[in-house]
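# Structural description and commentary
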Amino acid sequence: MLKLSDIHITFNAGTATEVRALRGISLDIAEGEFVTVIGSNGAGKSTLLSTVVGTAKPDTGSIHLAGNDVTNWPAARRASLVGRVFQEPRLGTCSSLSIEENLALAAARGKKRGLGLALGKRGQKKLFAEHLEKLGLGLEHRMATPIGALSGGQRQAVSLLMATLLPMKILVLDEHTAALDPSAAHKVLTLSAEIAGESRLTTLMVTHSMKDALAYGSRTLMMNAGQIVLDIAGEERSKLKVSDLLERFGRAAGTEIDDDQLMLT
Ligand SMILES: Nc1ncnc2c1ncn2[C@@H]1O[C@H](COP(=O)(O)OP(=O)(O)O)[C@@H](O)[C@H]1O
Ligand SMILES: [Mg+2]
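Each value, and the rule that gives it
Residues numbered from 1 in each chain as written. Chains lettered and ligands numbered in written order. Predicted model: local features only at pLDDT ≥ 70, side-chain atom pairs only at ≥ 80, totals over all residues. Heavy atoms only, no water. Helix = DSSP H or I, 4+ residues; strand = E, 2+ residues; numbered from the N terminus. Contact = heavy atoms within 4.5 Å. Near = heavy atom within 4 Å. Polar contact = N/O pair within 3.5 Å; in protein donor to acceptor, adjacent residues only side chain to side chain. Areas by Shrake-Rupley, 256 points an atom, 1.4 Å probe, with all protein chains shown as cover. Nonpolar A, V, L, I, M, F, W, Y, C, P; charged D, E, K, R; others polar. Buried < 20%, exposed > 50% of the residue type's maximum accessible area, 1.4 Å probe, protein only. Axes fitted to C-alpha atoms, helices over the stretch in contact; angles between N-to-C directions. Parallel < 35°, antiparallel > 145°, perpendicular 65-115°, else oblique. Left-handed = near helix turned anticlockwise from the far one by under 90°. Salt bridge = Lys/Arg side-chain N within 4 Å of Asp/Glu carboxyl O. Pairing = 2+ DSSP bridges. pLDDT = per-residue confidence, 0-100.

### Comments concerning the side chain of Ser50
- Counting through the fold element by element, Ser50 comes out in helix α1 (residues 45–53).
- In contact with Ser50, other than residues within four places in its own chain, are Thr55, Ala56 and Arg84.

Written as structure tokens, this is what we have:
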């Protein structure tokens, strides 16, 4: 479903601020797989997701997505294949527009596939209400409320819906619960797993929590200094505890991990 082959990205090449953000990333993710990604600050996690979304262009290497070589596709062209939710709730939604209007914008993404045309306004509203009801937050009764009036957690839940409203292939979540309080984060993570499971979406989720990295999904990647240093799934992963993960990180990266950089719980 998603295949990255030997991706390299260097920012500010040849200058004093040169950063080798990705140093030879190869990765094969099967359809329906839910992959969690951890790593210290600056490890290259967001850059990795940006190469999938199309907002970062590899210097070398190739990206295949759903049977297409998308290496040279700009982000807009990949929009029908990729849904993304950002860390910051404000980024994914338009504050001054209502919940319904935000969902309508998401539904209109890529004109040809616009839901509005097919369903009509009333049909579309009914569909939005059904989706919102599934979130279990009562937002189906508040469809005229401006998104800006919602809590961060409610907003991220709507962002998730917006990202997955149209048929797509891969859901990309970049620390999308990091700005939320623990209970809202838990709710949004649960919803993410439900939505991904229901539609059998291939999912890449960066998290700052080692515990969540093991609790959600079926495979975990650990990144360090632009490389994947650990890639575990199946039985090996199911037996793993946070303390083991930390120890494995130290071994794979050849350094002691700074406790401040990763949440251990
Ligand atoms: N647009 C950019 N320009 C220059 N440097 C960047 C840019 N984006 C990321 N970097 C650098 O690349 C490295 C990896 O960043 P990032 O992928 O955001 O790490 P992570 O998400 O794991 O914290 C960091 O050193 C970061 O400062
Ligand atoms: Mg990041």
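Having seen the structure, we can now continue with the description.
### Regarding the site of ligand 1
- The full set of residues close to ligand 1 is Phe11, Asn12, Val19, Ala21, Ser40, Asn41, Gly42, Ala43, Gly44, Lys45, Ser46 and Thr47.
- One nitrogen or oxygen atom from the main chain of Gly44 is found 3.0 Å from an oxygen atom belonging to ligand 1.
- Contact between ligand 1 and Thr47: an oxygen atom at 2.6 Å from a side-chain N or O atom of the residue.
- Calculation on ligand 1 without its partners gives an accessible area of 560 Å², and the protein chains cover 62% of this total.
- Every element with two or more residues in the shell around ligand 1 is listed here: β2 (19–29) and α1.
- Among the elements that make up the shell around ligand 1, the one with the highest residue count is α1 (three residues).
- Of the residues contributing to the shell around ligand 1, the split by class is four nonpolar, seven polar and one charged.

### Remarks on unusual backbone geometry
- Although it is not a glycine, Asp6 adopts a positive phi angle of roughly 45°.
- Here Asp6 is to be found in strand β1 (residues 2–11).
- One non-glycine residue, Glu175, adopts positive backbone phi at about 45°.
- Residue class for Glu175 comes out buried when judged on its relative accessible area of 15%.

### Observations regarding the packing of helix α6 (residues 152–164) against helix α7 (residues 182–198)
- Relative orientation of the contacting elements α6 and α7 amounts to 15°, with a least axis distance of 9 Å. Taken as axis vectors, α6 and α7 run roughly parallel relative to one another. Taken as a pair, α6 and α7 cross one another with a handedness that is right-handed. Of the residues in α7, those in contact with Gly153, Gln156, Ala157, Leu160 and Thr164 of α6 are Ala184, Val188, Leu191, Ser192 and Ile195.
- A breakdown of the residues in the contact of α6 with α7 according to their chemical character gives six nonpolar, four polar and no charged.

### Observations regarding the pattern of salt bridges
- This model, assessed by the stated rule, comprises nine salt bridges.
- Close ionic contact of Lys3 with Asp28 constitutes a salt bridge, the shortest N to O distance being 3.4 Å. With a gap of 25 residues between them, Lys3 in strand β1 and Asp28 in strand β2 connect regions that are remote in the sequence.
- What makes Lys3 partly exposed here is its relative accessible area of 39%.
- With relative accessibility at 43%, the residue Asp28 sits in the partly exposed group.
- Here Lys126 makes a salt bridge to Glu130, at a shortest N to O gap of 3.5 Å. With Lys126 and Glu130 both in helix α5 (residues 115–135), this residue pair falls four residues apart, about one helical turn.

### What to know about the sheet that holds β1
- Strand order across the open sheet formed by four strands is β2-β1-β4-β5, with antiparallel pairing between neighbours. The open sheet has two edge strands, β2 and β5 (68–69), and neither has a second partner.
- Summarising the sheet, strand β4 (residues 60–65) and β5 pair through two bridges and their orientation is antiparallel. Bridged to His64 within β5 is Asp69.
- Across the sheet, α1 lies against β1, β2 and β4, angled at about 120° from β1, the strand it touches most.

### Focus: the confidence of the model for the protein
- Summarising the model, the protein shows a mean pLDDT of 90, and 91% of its residues fall at 70 or more.
- Looking across the protein, the model is least confident in helix α10 (residues 242–253), with a mean pLDDT of 81, and most confident in β1, with 98.

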